[in-house]
Amino acid sequence: MLRLRRPENLFRYRGFTATNRYPRIFGFIQQQLAAQPDVRLLSFGGSTGAEVFTLRDYFPTAFIKGIDINPRSIATCEHLIRFADFERQVTDFARCLKDGGFCVIRHTKFRFADTHVAAGFEPVLQVVRKPPDKTTPLFDRNNCRLMDAVYSDVVFRKCLGSYG
Ligand SMILES: C[S@@+](CC[C@H](N)C(=O)[O-])C[C@H]1O[C@@H](n2cnc3c(N)ncnc32)[C@H](O)[C@@H]1O
């Protein structure tokens, strides 16, 4: 759409991005700002957000804002970090599952344990990745990044009479 509309202020319309795309540049800025207390960063043209998440790794306490002219990219990004959607989805799974049934949840950005519905499940299998999987950052109920968090519960069994 943007390619066709070509708004005046459009720079690059292609939205390609990737996690840690410019390690040398990020590392350089990290060094330069090491002694600075209130770091504020802008990812201008951040596409679907990989750059913002990468910057969070380099600057755990900084204020980071990402903007993009493409509403589709923004929508994708927002979708990536909404706990409410995750909770709604797994609650629906739980509703459909019979007592004693298994639910397998892997590579999500949120922890099943943080949902209300998890109280009706017991974790029955953990998968520990070594080294820890850095490609799937974890977020809490408030969509805030959990730095260095590792979550290994993967298979859950629905407790008898726990739901509905
Ligand atoms: C190639 S992507 C770069 C993504 C990321 N910064 C990276 O390097 O991985 C360029 C992005 O800039 C956005 N863009 C282009 N013009 C813009 C403008 N005037 N304001 C905000 N974003 C813009 C595009 O929508 C696109 O997502």
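Just above, that's the structure.
Residues numbered from 1 in each chain as written. Predicted model: local features only at pLDDT ≥ 70, side-chain atom pairs only at ≥ 80, totals over all residues.

**Some thoughts on helix α3 (residues 50-58)**
Three or four residues apart is the spacing at which side chains of an α-helix point the same way, because the helix has 3.6 residues per turn.
For step 1, the next point in the chain: Of all the residues in α3, the buried ones are E51, V52, F53, T54 and L55.
For step 2, the next point in the chain: On its buried side, α3 packs onto α2 (23-32), β1 (40-44) and β2 (63-67). (Buried ≥ 20, exposed ≤ 12 C-beta atoms within 10 Å, placed from the backbone. Helix = DSSP H or I, 4+ residues; strand = E, 2+ residues; numbered from the N terminus. Contact = placed C-beta atoms within 7 Å.)

**Observations regarding the sheet that holds strand β4 (residues 121-126)**
For step 1, the next point in the chain: Strand order in the open sheet formed by 3 strands is β3-β5-β4, with antiparallel pairing between adjacent strands. Every other strand in the sheet has two partners, leaving β3 (102-104) and β4 as the edge strands with one partner each. Taken over all neighbouring pairs, the strand axes of this sheet differ in orientation by 30 degrees on average, direction set aside.
For step 2, the next point in the chain: Where β4 lies against strand β5 (residues 153-158), 5 bridges are found, and the strand directions are antiparallel. In the strand pairing of β5, P123 is matched with F156. (Pairing = 2+ DSSP bridges. Axes fitted to C-alpha atoms, helices over the stretch in contact; angles between N-to-C directions.)

**A look at the environment of P123**
For step 1, the next point in the chain: Structurally, P123 is set in strand β4.
For step 2, the next point in the chain: For the pair P123 and R157, spaced 34 residues apart in the sequence, the C-alpha separation amounts to 6.4 Å.
For step 3, the next point in the chain: When near neighbours in sequence (up to four residues on either side) are disregarded, P123 contacts D153 and F156.

**A few points about the nonpolar core**
One recurring pattern in soluble globular proteins is that nonpolar side chains are buried together.
For step 1, the next point in the chain: Core analysis: the biggest nonpolar cluster contains 11 residues, these being F86, V90, A94, I105, F110, F112, V117, A118, F121, F139 and F156.
For step 2, the next point in the chain: At 3 residues, helix α5 (residues 83-96) tops the list of elements feeding residues into this core. (Core = buried A, V, L, I, M, F, W, Y, C linked by C-beta atoms within 7 Å.)

**Here we look at the pairing of β2**
For step 1, the next point in the chain: Side chains I64 and G66 project from β2 onto a buried face, and the interleaved F63, K65 and I67 project onto a face without burial.
For step 2, the next point in the chain: Between the parallel pair β1 and β2, the chain is carried across by α3, and the sense of this crossover is right-handed. (Right-handed = clockwise from strand over helix to strand, strands pointing away.)

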